[in-house]
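Chain by chain, the residues:
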Amino acid sequence: MHIDWDVPITMDDGLVLRADVFRPEDTGPHPVIMTHGPYAKGLAFQDGYQAMWSNLEAEHPDALAGSSNRYQNWETVDPEKWVPDGYVVIRVDSRGAGRSPGYLDILSPRETRDYYTCIEWAAVQPWSTGKVGLLGISYYGINQWQVAALQPPHLAAICPWEGASDYYREFTHHGGILDVFVKQWYPVQVSSVQHGVADSPRSRVTGEPVAGPEVLTPEELAKNVADTVAELRDHPLLDEYYRERTADLAKITVPVLSATNWAHHLHTRGGFEGHAGVSSEQKWLEVHGLQHWVEFYTDYGVALQKRFFGHFLKGEDTGWAEQPPVVVHARRVDGTFEKRGETAWPLDRTQWTRFHLDLAGGTLAAAGDVTRRETAFAAQGEGLTFWTEPLTEELELTGPASAHLRVASSTTDADLFLALRVQDPDGRDVTFPAAMDPHGGVGFGWLRSSLRNTDPAKSLPYRPWHTYDERQPLTPDEPVDVDVEIWPTSVIIPAGHRLGVSLLGHDFEFPGDGPWPSAYGISMRGNGIYVHNDPHDRGSDVYAGTTTLISGGEHPSYLLLPVVPRTAG
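Residues numbered from 1 in each chain as written. Predicted model: local features only at pLDDT ≥ 70, side-chain atom pairs only at ≥ 80, totals over all residues. Heavy atoms only, no water.

Visitor: Looking at this structure, how should I read the overall build of the protein chain?
Guide: Within the protein chain, the secondary structure is distributed over 13 helices and 25 strands. The buried share of the protein chain, reckoned over its 569 residues, is 62%. For the protein chain, long-range pairs separated by at least 24 residues make up 75% of all intrachain contacts whose partners lie at least 6 apart in sequence. Looking at the protein chain as shown, the accessible area adds up to about 20,700 Å², and 50% of this sits on carbon and sulfur atoms. For the protein chain, the distance from the average site of its 45 positive side-chain charges to the average site of its 77 negative ones is 2 Å. (Helix = DSSP H or I, 4+ residues; strand = E, 2+ residues; numbered from the N terminus. Buried < 20%, exposed > 50% of the residue type's maximum accessible area, 1.4 Å probe, protein only. Contact = heavy atoms within 4.5 Å. Areas by Shrake-Rupley, 256 points an atom, 1.4 Å probe, with all protein chains shown as cover. Lys, Arg positive; Asp, Glu negative; His and termini not counted. Charge placed at Lys NZ, Arg CZ, Asp CG, Glu CD.)

Visitor: Can you help me understand helix α7 (residues 181-190) in this one?
Guide: Every α-helix winds through 3.6 residues per turn, so residues three or four apart in the chain are directed the same way. By the burial criterion, the buried members of α7 are Phe-181, Val-182, Trp-185, Tyr-186, Gln-189 and Val-190. Buried residues of α7, seen end-on, are gathered within an arc of 105° and therefore sit on one face of the element. Looking at the packing, one finds that the buried side of α7 touches α5 (139-148), α6 (167-172) and α9 (228-234). (Arc of directions from axis to C-beta.)

Visitor: Could you clarify how one ought to interpret the nonpolar core in this entry?
Guide: One broad trend across soluble globular proteins is that nonpolar side chains are buried collectively. Among the nonpolar cores identified, the biggest contains 110 residues, and Trp-185, Phe-309, Leu-405 and Leu-559 are the most heavily contacted of them. Those residues within four positions of Leu-405 in sequence are excluded, and the remaining contacts are Leu-357, Leu-416, Leu-418, Val-480, Asp-481, Val-482, Val-484, Leu-503, Leu-549 and Ser-557. (Core = buried A, V, L, I, M, F, W, Y, C linked by side-chain atoms within 4.5 Å.)

Visitor: In this structure, what is going on with the pairing of strand β19 (residues 443-448)? I would like to understand it.
Guide: Every other side chain in a regular strand lies on the same face of the sheet, so the side chains alternate between the two faces. Along β19, six of the six residues are buried, which leaves the element largely enclosed by surrounding structure. Side-chain alternation along β19 places Gly-443, Gly-445 and Leu-447 on one buried face and Phe-444, Trp-446 and Arg-448 on a second face that is also buried. With six bridges joining them, strand β18 (residues 415-423) and β19 adopt antiparallel strand pairing. Considered in β19, the bridge of Leu-420 is made with Gly-443. (Pairing = 2+ DSSP bridges.)

Visitor: Explain the packing of aromatic side chains here, please?
Guide: Under the defined criterion, the tally for this structure stands at 41 aromatic pairs. A ring pair is formed by Phe-45 and Tyr-49, whose centres lie 6.4 Å apart and whose planes are at 90°; its orientation type is edge-to-face. Each of the two residues, Phe-45 as well as Tyr-49, counts as buried. Residues Phe-308 and Trp-320 carry aromatic rings whose centres are separated by 5.4 Å and whose planes lie at 65° to one another, so their mutual orientation is edge-to-face. Within this pair, whereas Phe-308 is found in helix α12 (residues 299-314), its partner Trp-320 is found in the loop between α12 and β11 (326-331), the two being separated by 12 residues in sequence. (Phe/Tyr/Trp six-rings, centres within 6.5 Å; stacked < 30°, edge-to-face > 60°.)

Visitor: Explanation requested: unusual backbone geometry in the structure shown.
Guide: Trans peptide bonds make up the majority, and among non-glycine residues the majority have a negative phi. The peptide bond linking Gly-28 to Pro-29 adopts the cis configuration, its omega dihedral lying at 10°. Checked against the element boundaries, Pro-29 lands in the loop between β2 (16-23) and β3 (30-37). The phi dihedral of Ser-138 falls on the positive side, at around 55°, and the residue is not glycine. Ser-138 sits in the buried class, given a relative accessible area of 7%. A positive phi angle is found at Gln-151, which is not glycine, with a value near 55°. The residue Gln-151 is located in the loop between α5 and β6 (155-161) in this model. Among the residues examined, Gln-151 registers a relative accessible area of 43% and is labelled partly exposed.

Visitor: For this particular structure, what's the right way to read the side chain of Ser-165?
Guide: Mapping Ser-165 onto the fold places it in the loop between β6 and α6. A relative accessible area of 7% places Ser-165 in the buried class. Here the side chain of Ser-165 touches Gly-270 through a polar contact of 3.2 Å, landing on its backbone oxygen. If near-sequence neighbours (up to four positions away) are discounted, Ser-165 is found in contact with Trp-145, Glu-170, Thr-246, Ala-247, Leu-249, Gly-270, Glu-273 and Gly-274. (Polar contact = N/O pair within 3.5 Å; in protein donor to acceptor, adjacent residues only side chain to side chain.)

Visitor: Would you explain the pairing of β18 in this entry?
Guide: Burial within β18 is extensive, with nine of its nine residues counted as buried. Of the two faces of β18, the one holding Asp-415, Phe-417, Ala-419, Arg-421 and Gln-423 and the one holding Leu-416, Leu-418, Leu-420 and Val-422 are both buried throughout. In the sheet, β18 pairs with strand β21 (residues 498-504) via seven bridges, with the strands oriented antiparallel. Bridge assignment links Phe-417 to a residue of β21, and that residue is Leu-504.

Visitor: Is there a simple way to think about the side chain of Asp-93 in this case?
Guide: Along the chain, the position of Asp-93 falls in strand β4 (residues 88-93). Of the side chains with opposite charge, Lys-41 lies nearest to the buried Asp-93, which makes no salt bridge, at 4.2 Å. Polar side-chain contacts of Asp-93 include one of 2.7 Å to the backbone nitrogen of Lys-41. Not counting chain neighbours up to four residues away, the residues in contact with Asp-93 comprise Leu-17, Arg-18, Gly-37, Ala-40, Lys-41, Gly-98, Arg-99, Ser-100 and Val-210. (Salt bridge = Lys/Arg side-chain N within 4 Å of Asp/Glu carboxyl O.)

Visitor: What is the right way to read the environment of His-497 from this model?
Guide: Tracing the sequence through the fold places His-497 in the loop between β20 (480-493) and β21. C-alpha of His-497 to C-alpha of Leu-395: the two residues are 102 residues apart in sequence and 9.5 Å apart in space.

Visitor: Before we go on, may I ask you to explain the pattern of salt bridges in this structure?
Guide: The tally for this structure, following the rule as stated, stands at 42 salt bridges. Here Arg-23 ties to Asp-4 by a salt bridge, and the two come within 3.3 Å at their closest N and O atoms. Residue Arg-23 is found in strand β2, and its partner Asp-4 is found in strand β1 (residues 2-10); the two are separated by 19 residues along the sequence. Classification of Arg-23 by relative accessible area gives buried; the value is 16%. When its relative accessible area of 24% is taken as the criterion, Asp-4 is described as partly exposed. Because the salt bridges share partners, they merge into one network encompassing Arg-332, Glu-338, Arg-340, Glu-342, Arg-349, Glu-394, Glu-396 and Arg-566.

Visitor: What is the right way to look at the state of the cysteines in this model?
Guide: Evaluation of the coordinates by the stated rule reveals zero disulfides. Free of any disulfide, Cys-118 has its nearest neighbouring cysteine sulfur in Cys-159, separated by 20 Å. What makes Cys-118 buried here is its relative accessible area of 0%. (Disulfide = S-S within 2.5 Å.)

Visitor: Please clarify how the sheet that holds strand β10 (residues 283-288) should be interpreted in this entry.
Guide: Where strands meet in a sheet, backbone hydrogen bonds hold them as pairs that are either parallel or antiparallel. Here we have 10 strands laid out as an open sheet, ordered β1-β2-β4-β3-β5-β6-β9-β10-β11-β12, and mixed in their pairing. The sheet is open, and its two borders are formed by β1 and β12 (337-342), each paired with just one other strand. With strand direction ignored, the average angle separating the axes of adjacent strands in the sheet is 20°. Relative to β3, helix α4 (residues 109-123) is tilted by about 160°, and along the sheet it contacts β1, β2, β3, β4, β5 (128-137) and β6. The sheet contacts of α12 involve β3, β5, β6, β9 (256-261), β10, β11 and β12, and relative to β6 the element is tilted by about 165°. (Axes fitted to C-alpha atoms, helices over the stretch in contact; angles between N-to-C directions.)

Visitor: Explanation requested: α5 in the structure shown.
Guide: In terms of burial, α5 is a largely internal element, 10 of the 10 residues being buried. All of the buried residues along α5 are Tyr-139, Tyr-140, Gly-141, Ile-142, Asn-143, Gln-144, Trp-145, Gln-146, Val-147 and Ala-148.

Visitor: Mind showing me how you'd approach the environment of Asp-437 here?
Guide: Its place among the elements puts Asp-437 in the loop between β18 and β19. Between the C-alpha atom of Asp-437 and that of Ala-519, which follows or precedes it by 82 residues, the distance is 8.9 Å. Separated by 2.9 Å, the side chain of Asp-437 and the backbone nitrogen of Gly-526 make a polar contact.

Here is the structure:
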């Protein structure tokens, strides 16, 4: 393998970004697999993300087998597994990050335009066939949607692996409620490797500082970076700031393999919405479970990626022509999966089923109560929970979902948090290894009631589309109807178990004393690090009032869930 370190790529404004190029020792030409982002291309996975690396070592040794792992880098492909198959692997430090100078502004139009330039640069190099594919996790998935919408002429295929496609609805706000993720993540993974920071880690291979070579003063560093956390607080509604950081999916026409995870508050929705929104005639969806970083690196994930890119970048007969349009790994409560090829998403045999919130008995019922009832709860308290009777037969829920609720508040607003739950016959909650939480929940939905307005042209019964661009304050104690989007989920529930939903005015947490693991200083009790307690967004007394749920009679409150028949017919 031939390696060129810190290769210069000149942008349209004259700034020079730096890239590491891993390629076969022959003269080529070969197709390109590229990533471009702010995590520092020289930072070893083992050094920057020790806990995740240890998880792969202990539980998924196939992910690390067959490689010296000297060149492993967080959320990007291992060159030692791709270059021998005839690919050029390129990692670019984005503007202002790692070894690339400039003004750091994550997922901005400027950064996306830089990515376009890098793709076109790679396509005309003497070792390149002119076909460029994009493959990476999270940030390196998000910006694939962005740059593909610009239609670089030499972009041949993309595989966004667990990457959000909507900067407001997925990356920063859930149901219009600010998520603290960016505030916690940015200092750890982005600011720590901003170009010019002092004492940055050194590359295991070259020995060079991963955020060097120059060292900037604190004042210079501050001038070279956008205050992303403050900007989110300054822009509580979906405005141009978010729109220019969200891909116009309809402009994407290249082949797409969208791979997503059932249990990620940042990425799950984006994989489904991205797949649905592109104009590509050739597109596929794959949905898996386990932790966020796992399947990308396992033999399963690498084989899937190579079949896709071998077909579209190399013209090989990889069997991709027989790939089902949709592959799901439906979750079982014992932690195993049922892998299935499907023809469409949502699954074409879905039986959209109402589960009514019965206030008289605290149950999830097949039919609505004929009598109108209401129950109030403290918005900062534990809310209400509704359960089915123990199931008499196995029940599968796989797909997007929603809730139609009639609510009132003692104040001018109310934040609503929904958590789908499953309990075993002993009354213990079923949890799953989620993307960033070892004990993740079944499914979640959120909505700030004052942002309840939906766009009828984009809404579906199972996926309301909120505009989030205008507040409609509640009149205290006056009921309103709201539709809550519940992100896609999958669970096969055995007979004897119960299905439930909790409705609260704060993040759901699994009951019990723990101990609960933590990350970024956040205790993980079902939501991972994706919680909604920013005092600038939630500190007002308006979110600490009393919320009333109304159900029954002419105003039923219910869940609309994707029931999938367990037998044909």
